[in-house]
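Understanding the architecture of this molecule
Now for the letters of each chain:
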Amino acid sequence: MTSDSSLAGRTALVTGGGSGIGLACVRAFGAAGAKVHVVDVAGAEAAAAEVGGQAHVVDLTDPAALATLPADVDVLVNNAGVQHVAPLPEFPAERFAFIQSLMVTAPFLLIRQCLPAMYARGWGRIVNMSSVHGVRASPYKAAYVTAKHALEGLSKVAALEGAEHGVTSNCVNPGYVRTPLVTGQLAAQAAEHGVPPEEVLEQVLLRRAAIKRLIEPSDVAELVVWLCGESAGHVTGASLPVDGGWTAG
Ligand code: NAD
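Residues numbered from 1 in each chain as written. Predicted model: local features only at pLDDT ≥ 70, side-chain atom pairs only at ≥ 80, totals over all residues. Heavy atoms only, no water.

Quick reminder of the rule: UniProt positions are given in the numbering used here, feature names are shortened, and annotations may be inferred rather than shown by experiment.
Where an unreviewed UniProt entry is consulted, the protein chain appears under the name 3-hydroxybutyrate dehydrogenase, with the organism given as Amycolatopsis dendrobii. In UniProt, the protein chain has this text filed under Sequence similarities (unreviewed entry): "Belongs to the short-chain dehydrogenases/reductases (SDR) family."

Laid out in structure tokens, this is it:
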């Protein structure tokens, strides 16, 4: 983890900052000197305490609660997300709607809420935590793949509208990262197929990646922080893969 002051004086709001990739982003922003608002239903206080930031225990699917979050930030990272795996004929409609609410509507509402202060300042950075599943599909992940593809579109519109105001918007597209979201899937699939988790990792999760290793959350976070620096000012409307070569194949 680099420790610098590249984001000193900046304020960042990270959703889903209590765990996994979001927590790694909180740590990386803290190390880069930014003030961090950590938004999560769980783990927000502990994450904020690590970096002297501020915790916001907010369910992002509740628009009234979301509206209480700080709107005057330099950096917005839309990261909170969940997975649900089921074949389409059995996919619960309410789970589908919940996932769109958390992973599409909440990012839209937060972007809408944060843009006026960014525009007034003439500077802003929006990073949307997409996925390989923002540009590729997998079976049984209808809600997640739909939401990530929608997030890609939202991110590009924000890039086009924000350009004249000094605001960039980008997606980061990880393959499988070592987080509770993935270790949970590993355990569930191993139990379902009666095979060891290592076998599920190699033969299912990493089947399409050229590099057969889980990605570390800190590797994703370093890219997020770079996107928020000055030298990334011309990178906008992009989708940056961190996928071990998955989408090259
Ligand atoms: P994670 O489960 O470790 O963290 C997700 C966080 O979101 C949790 O802390 C959780 O409490 C929070 N959250 C869930 N519902 C919420 C709600 N209603 N309101 C507020 N917070 C809520 O997962 P992760 O793997 O770190 O995933 C983070 C993001 O990265 C997600 O958008 C995910 O789709 C994306 N992603 C993950 C991977 C991976 O392999 N782990 C790959 C590609 C993309």
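Structure shown, so let's carry the discussion forward.
Structural notes on the packing of helix 1 (residues 20-31) against helix 2 (residues 44-51)
Under the convention used in this document: Every angle, taken between N-to-C directions, lies between 0 and 180 degrees, and every axis is a line fitted to C-alpha atoms, over only the stretch in contact when it is a helix. What counts as a helix is a DSSP run of H or I of at least four residues, what counts as a strand is a run of E of at least two, and both are numbered from the N terminus. Working definition: roughly parallel below 35 degrees, roughly antiparallel above 145 degrees, roughly perpendicular at 65 to 115 degrees, and oblique for all remaining angles. Each helix crossing is assigned a hand: it is left-handed if the near helix lies turned anticlockwise from the far helix by less than a right angle, otherwise right-handed if that turn is clockwise. Contacts: residue pairs with any heavy atoms within 4.5 Å of one another.
The interhelical angle for the contact between helix 1 and helix 2, taken along N-to-C directions, is 20°, at an axis separation of 9 Å. Accordingly, the angle class assigned to the pair helix 1 and helix 2 is roughly parallel. The two elements helix 1 and helix 2 cross, and the hand of that crossing is right-handed. Counted together, Leu23, Val26, Arg27 and Gly30 of helix 1 and Ala47, Glu50 and Val51 of helix 2 form the full contact between these two elements.

Concerning the nonpolar core
Threshold: Working definition of a nonpolar core: buried Ala, Val, Leu, Ile, Met, Phe, Trp, Tyr and Cys residues. They are joined through side-chain atoms within 4.5 Å. Accessible area is worked out with a 1.4 Å probe on protein chains only. A residue is then buried under 20% of its type maximum, exposed over 50%, and partly exposed in between.
Counting 33 residues, the largest nonpolar core has Phe29, Val172, Val220 and Val224 as its most contacted members. At the level of elements, strand 1 (11-15), helix 1, strand 2 (35-40), helix 2, strand 4 (75-78), strand 5 (124-129) and helix 8 (217-227) are the ones that each hand at least two residues to this core. Leave out the neighbours within four places in its chain, and phenylalanine 29 touches Leu7, Ala12, Val14, Ala34, Val36, Val75, Val77, Val224, Val225 and Cys228.

So, unusual backbone geometry
Phi angles above zero are rare outside glycine, and tyrosine 140 is one such case at about 75°. Relative to the helices and strands, tyrosine 140 resides in the loop between strand 5 and helix 5 (142-162).

Details of the site of the ligand
This is how it is decided: In this text, near means that some heavy atom of the residue lies within 4 Å of the molecule or strand in question. We call two N or O atoms a polar contact when they sit within 3.5 Å, provided that within protein one can donate a hydrogen and the other can accept it, with sequence-adjacent residues counted only if both atoms are side-chain atoms. Where accessible areas are quoted, they stem from the Shrake-Rupley method and a 1.4 Å probe; at the residue level, only the protein chains shown are allowed to cover.
As a matter of local geometry, the ligand sits amid 27 residues, with Ser19, Asp40, Tyr144, Val177 and Thr179 nearest to it. For the ligand, an oxygen atom lies 2.5 Å from a polar atom in the side chain of aspartate 40. In the environment of the ligand, an oxygen atom lies 2.5 Å from a nitrogen or oxygen atom belonging to the side chain of tyrosine 144. Relative to its unbound accessible area of 820 Å², the ligand is 92% covered by the protein chains. Only helix 1, helix 5 and helix 6 (180-193) provide two or more residues apiece to the shell around the ligand.

Let's talk about the packing of aromatic side chains
Test applied: Side-chain rings of Phe, Tyr and Trp (the six-membered ring for Trp) are treated as a pair once their centres are within 6.5 Å; stacked means planes under 30 degrees apart, edge-to-face means over 60, and tilted covers the remaining angles. Cation placement over rings: the criterion is NZ of Lys or CZ of Arg within 6 Å of the ring centroid and within 35° of the ring normal.
For the coordinates displayed, the defined rule picks out 2 aromatic pairs. Ring centres of phenylalanine 91 and phenylalanine 96 lie 6.4 Å apart, and the angle between their planes is 85°; this geometry places the pair in the edge-to-face category. Given the relative accessible area of 12%, phenylalanine 91 is considered buried. Judged by relative accessible area, which is 30%, phenylalanine 96 ranks as partly exposed. Sitting over the face of the ring of tryptophan 123, arginine 10 holds its NZ or CZ atom 3.5 Å from the ring centroid.

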